[in-house]
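Residues per chain are reported as follows:
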Amino acid sequence: MKKLVYTFLILFSLTTVFTSCRDEKKTPEEKIEETMDEMQDDIDEASDDVKDAMEDVEDEIEEYKEESKEEVEEMTDEQ
């Protein structure tokens, strides 16, 4: 059991030592493409947020219409 634990510790240590955390150097074209992709993702996300907000407003308008209609019906029933 100890040998297994030691083996995993050694393997983990080796992978940590030989794994680099720095970014690879990218060409200007790759940087531009990456930036464009990120901007497209941001635009898509913003578009989705606007669509969701519009749907929420439409739902609120419908609810207001229904409430107004019910209030009018109650007023006419009271008379």
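What comes next is a walk through the structure. Nothing here was measured: the structure is a model prediction, and the numbers come from that model. (Residues numbered from 1 in each chain as written. Predicted model: local features only at pLDDT ≥ 70, side-chain atom pairs only at ≥ 80, totals over all residues. Heavy atoms only, no water.)

Within the chain, the secondary structure is distributed over 2 helices and 0 strands. The dimensions of the chain, computed from C-alpha atoms along their principal axes, are 90 × 50 × 10 Å. Total accessible area computed for the chain in this model is approximately 8300 Å², and 57% of it derives from carbon and sulfur atoms. Mean positive and mean negative side-chain charge positions of the chain (9 and 30 charges, respectively) differ by 22 Å. (Helix = DSSP H or I, 4+ residues; strand = E, 2+ residues; numbered from the N terminus. Areas by Shrake-Rupley, 256 points an atom, 1.4 Å probe, with all protein chains shown as cover. Lys, Arg positive; Asp, Glu negative; His and termini not counted. Charge placed at Lys NZ, Arg CZ, Asp CG, Glu CD.)

Any two side chains of opposite charge can pair, so long as their charged atoms come close to each other. If you walk through the whole model with that rule in mind, you get 2 salt bridges. Ionic pairing is found between Glu 34 and Lys 26, a salt bridge with its closest N-O pair at 2.4 Å. For the salt bridge of Glu 62 with Lys 65, the shortest nitrogen-to-oxygen distance reads 3.9 Å. With a gap of 3 residues between them, Glu 62 and Lys 65 both fall in helix H2 (residues 28–78), about one helical turn apart. (Salt bridge = Lys/Arg side-chain N within 4 Å of Asp/Glu carboxyl O.)

A few words on the environment of Ile 43. For Ile 43, the location among the structural elements is in helix H2. For the pair formed by Ile 43 and Asp 59, sequence separation is 16 residues and the distance between their alpha carbons is 24 Å.

A cluster of nonpolar residues, Leu 4, Phe 8, Ile 10, Leu 11, Leu 14, Val 17 and Phe 18, forms a patch on the protein surface that exposes about 780 Å² of accessible area. Turning to its location among the elements, Leu 11 is positioned in helix H1 (residues 2–18). (Patch = residues over 30% accessible without salt bridge, like charges linked within 9 Å, V, L, I, M, F, W, Y side chains within 5 Å.)

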